[in-house]
Amino acid sequence: MTDRLYYTDSFLHKFDARVLSVEGGDGRTAITLDRSAFYPTSGGQIFDTGWLEVEGEPPARLRVTEVSENEHTGEIVHFIDADAAVIREGIAVRGAIDAERRRDHMQQHSGQHVLSGAFEKLYGFATVSFHMGDESCTIDLAADAVTPAQITAAEYLANEVIAEDRPVGIRFATPDEALALGVRKIPAAAREKLRLIDIQDFDLNACGGTHVRSTGQIGSILLRKTEKVRQGIRVEFVCGLRAVTTARRDFATLTEAGAIFSTHIWDVPQQARKAQEEIKAAQKAQHRLLEEVAEFEARQLLNSASLRASGKLVSKYFPGRDLTYIKLLAQKITMLEPAAAILGCGGAQPSLVFGQAKGQPHDMGALMKKTVQALGTRGGGNRDMAQGGAPDGDSAERAVREAAAEIE
Ligand SMILES: [Zn+2]
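What comes next concerns the included structure.

## Observations concerning the environment of E160
Consideration 1: Relative to the helices and strands, E160 is located in helix α2 (residues 148-163).
Consideration 2: Take E160: its relative accessible area is 35%, and that puts it in the partly exposed class.
Consideration 3: Placed 46 residues apart in sequence, E160 and V114 show a C-alpha to C-alpha distance of 10.0 Å.

## As for the nonpolar core
Consideration 1: Counting residues in each nonpolar core, the largest one holds 33 residues, and the members touching the most others are F119, I221 and F237.
Consideration 2: Of all elements in the fold, only α1 (99-123), β9 (127-132), β10 (137-141), α2, β12 (194-199), β14 (221-229) and β15 (232-239) reach the threshold of two or more residues within this core.
Consideration 3: It is α2 that provides the largest number of residues to this core, a total of 6 residues.
Consideration 4: Filtering out sequence-adjacent residues up to four positions away, F119 remains in contact with G124, F125, I139, L141, V146, Q150, I151, A154, L223 and V235.

## Some thoughts on the environment of A247
Consideration 1: Mapped onto the elements, A247 comes out in helix α4 (residues 240-261).
Consideration 2: Residues A247 and A348, 101 residues apart in the sequence, show an inter-C-alpha distance of 41 Å.

## As for the sheet that holds strand β20 (residues 379-381)
Consideration 1: Read across the sheet, 6 strands follow the order β16-β17-β18-β19-β21-β20 without closing on themselves; strand pairing throughout is mixed. Since the sheet does not close on itself, it has two edges, and those belong to β16 (306-308) and β20, each with one partner. Taking the axes of each pair of neighbouring strands and ignoring which way they run, one obtains an average angle of 15° across the sheet.
Consideration 2: Here strand β18 (residues 339-345) runs beside strand β19 (residues 351-356); their pairing, made up of 6 bridges, is antiparallel. Note on β19: the bridge partner recorded for G344 is L352.
Consideration 3: This element, helix α7 (residues 364-375), spans β18, β19, β20 and β21 (385-389) of the sheet and lies at about 160° to β19.
Consideration 4: Here helix α8 (residues 393-407) sits on the sheet and contacts β16, β17 (311-318), β18 and β19; the angle it forms with β17, its principal contact strand, is near 170°.

## Topic: α2
Consideration 1: Along its 16 residues, α2 runs 22 Å from first to last C-alpha, staying within 8% of the 22 Å computed at 1.5 Å per residue.
Consideration 2: Every buried residue of α2 is accounted for by Q150, I151, A154, L157, A158, V161 and I162. Taken down its axis, α2 places every buried residue within 145° of arc, on the same side. Opposite the buried face of α2, at more than 90 degrees from it, the exposed residues are P148, A149, Y156 and A163.
Consideration 3: Contacts made by the buried residues of α2 are with α1, β12, β14 and β15.
Consideration 4: D165 sits one or two residues past α2 and shows a positive phi near 50°.

## Here's the deal with α8
Consideration 1: Counted at 1.5 Å a residue, the expected span for α8 with its 15 residues is 21 Å, and the 22 Å between its end C-alpha atoms agrees.
Consideration 2: For α8, the full list of buried residues reads G393, S395, A396, A399, V400, A403, A404 and I407. With its buried residues spanning 165° around the axis, α8 presents them on a single face. More than 90 degrees from the buried face of α8, the exposed residues found are D394, R401, E402 and A405.

## Some thoughts on the state of the cysteines
Consideration 1: Across all of its chains, the model carries 0 disulfides by this definition.
Consideration 2: C239 provides the cysteine sulfur closest to C137, a residue in no disulfide bond, and the two sulfurs are 6.4 Å apart.

## A short note on the packing of α1 against α2
Consideration 1: Where α1 contacts α2, the axes come no closer than 9 Å and their chain directions differ by 125°. Of the possible angle classes, the one that applies to α1 and α2 is oblique. With respect to the hand of their crossing, α1 and α2 are arranged in right-handed fashion. Of the residues in α2, those in contact with V114, L115, A118, F119, L122 and Y123 of α1 are A149, Q150, I151, A153, A154, L157, A158 and V161.

Analysis parameters
- Residues numbered from 1 in each chain as written.
- Predicted model: local features only at pLDDT ≥ 70, side-chain atom pairs only at ≥ 80, totals over all residues.
- Heavy atoms only, no water.
- Helix = DSSP H or I, 4+ residues; strand = E, 2+ residues; numbered from the N terminus.
- Buried < 20%, exposed > 50% of the residue type's maximum accessible area, 1.4 Å probe, protein only.
- Core = buried A, V, L, I, M, F, W, Y, C linked by side-chain atoms within 4.5 Å.
- Contact = heavy atoms within 4.5 Å.
- Pairing = 2+ DSSP bridges.
- Axes fitted to C-alpha atoms, helices over the stretch in contact; angles between N-to-C directions.
- Expected span 1.5 Å × (residues − 1).
- Arc of directions from axis to C-beta.
- Disulfide = S-S within 2.5 Å.
- Parallel < 35°, antiparallel > 145°, perpendicular 65-115°, else oblique.
- Left-handed = near helix turned anticlockwise from the far one by under 90°.

Right, dumping it as structure tokens:
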């Protein structure tokens with residue numbers, strides 16, 4: 001079992017140790033030491049990174065990229081992404097953890113204790129799980145719902161506790177002693193001695209992670225989105241410098257949105273809603289105009305259409321129109337007179353629309369099937385109205401000519 005130096009001192013960044021085992025292969029080496037300050041992924045907190053230094057000529061400095069825990073043996077395993085021939089069983093090494101990453105993790109993790117304490121104190125919402133990610137962290141609360149007002153109040157209380165700079169102590173106790181002390185939650189796999197994290201006069205919880213010395217070192221807590229999950233409500237949050245970088249990014253995003261609307265960032269939602277309404281109104285107006293244009297064009301086309309025994313036939317290819325328009329046009333043509341329409345368009349999505357008025361003798365669905373089969377595209381419809389795709393404008397134009405000839 002590795003002697004866990006972070007257990008009693010979260011601020012120990014450098015330490016000396018002896019190598020117990022080395023296992024390598026495929027460019028990766030796993031190393032265990034007799035003692036370590038490296039925190040392995042566990043209890044929701046992610047691992048430390050850092051270096052293992054070996055004296056010699058020349059001295060070696062190997063990057064530790066991942067640290068995990070062997071739950072059966074209690075050993076901490078340090079991983080190096082290289083075949084580390086310089087590290088051998090029994091030699092002395094000096095470990096150095098990435099202090100900036102450790103500080104960030106301590107801020108997030110300690111902030112979680114404060115936040116969980118705040119939700120518990122204010123609303124009796126127990127924290128059932130904690131997850132630390134590279135960008136943000138989450139806790140899952142045993143609650144059916146958490147209101148925006150509760151989020152604001154918990155965030156406020158948590159930040160007050162941070163501002164009060166309460167001492168954060170580590171104490172060891174049996175599960176019974178811990179219960180008598182009023183611990184928030186006893187872990188399922190409780191060992192003989194529990195390690196308790198004591199935020200003075202605010203929160204006491206069993207935890208194996210790394211924490212700050214006093215709440216002021218957390219800096220700040222910013223709560224973000226909430227979502228319903230299987231076990232309750234998930235609350236996303238960021239602490240310390242992450243809160244600053246997150247707020248900075250939010251502000252930059254809002255500033256950009258504000259510049260687009262030429263407005264103060266606080267008025268962005270109002271302006272966005274207004275713009276949305278204007279777009280909807282413009283779309284409606286455009287559709288009305290399109291209908292008028294289609295009807296006008298349908299009348300013109302019918303006036304100059306060829307007359308067959310069964311009625312008029314309008315066939316035309318429109319290089320600059322789209323599917324929406326030729327569909328509308330086919331509807332107008334077949335509504336105005338007992339006619340047939342064989343239409344095609346080019347543009348980004350070359351298409352075909354075949355239609356006929358009710359009572360006309362053709363089967364437009366079958367004609368479309370035959371046409372798209374020849375073109376190698378897809379399409380279909382019913383007896384009176386069918387649509388399909390064309391690979392390009394030229395083939396759409398040709399298909400209109402050929403389909404019109406079929407029913408001429
Ligand atoms: Zn903790």
